[in-house]
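# Descriptive analysis of the structure
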Amino acid sequence: MTVNQIGEYNINQIGERRKIMILSERQVLEIKRKRGELNLKNIELANATGINRHTLGQILNHDHRNVNKSTFYKLNDWLIDQYTSLK
């Protein structure tokens, strides 16, 4: 599927518009660090965040930084929960 970038939207072949967000290197580094601290496998992190394990693998291993708005917020919410929980 080819994708055309128009501003902050992606338009796919069938003309759907999807809001695209960009994860920063620091966000990805913090996700990796927290995953390591909690000793989580990718599948466990995917279940904890609600993100597809293949998408998560691409983000963590393949410099995939352009993500859907929902993926961006799920990862940020998970990170915030990890740093604000009193465990």
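This text goes with the structure placed above it.
A brief look at the structure comes next. Note that the structure is a prediction, hence the values are computed from the model and not measured.

Reading guide: rules and limits
Residues numbered from 1 in each chain as written. Predicted model: local features only at pLDDT ≥ 70, side-chain atom pairs only at ≥ 80, totals over all residues. Heavy atoms only, no water. Core = buried A, V, L, I, M, F, W, Y, C linked by side-chain atoms within 4.5 Å. Buried < 20%, exposed > 50% of the residue type's maximum accessible area, 1.4 Å probe, protein only. Helix = DSSP H or I, 4+ residues; strand = E, 2+ residues; numbered from the N terminus. Contact = heavy atoms within 4.5 Å. Expected span 1.5 Å × (residues − 1). Arc of directions from axis to C-beta.

Counting residues in hydrophobic clusters, the biggest one holds 15 residues, and the most contacted among them are Leu 23, Ile 31, Leu 45, Leu 56, Ile 59, Leu 60 and Leu 75. Mapped by element, the contributors of at least two residues to this core are helix H1 (25-37), helix H2 (42-49), helix H3 (53-61) and helix H4 (69-84). Take this core: its biggest share by element is 4 residues, from H4. Beyond its immediate sequence surroundings of up to four residues, Ile 59 is in contact with Leu 23, Val 28, His 64, Arg 65, Val 67, Thr 71 and Leu 75.

Right, let's get into H1. Here H1 contains 13 residues, and its C-alpha end-to-end distance of 18 Å stays within 8% of the 18 Å for a straight helix at 1.5 Å per residue. Those residues of H1 that fall on the buried side of the exposure criterion are Gln 27, Val 28, Glu 30, Ile 31 and Lys 34. Along the long axis of H1, the arc covered by the buried residues comes to 160°, so they all point the same way. Summarising the geometry of H1, the exposed residues directed more than 90 degrees from the buried face are Glu 25, Arg 26 and Leu 29. In the segment just after H1, Asn 39 is the residue with positive phi, at about 55°.

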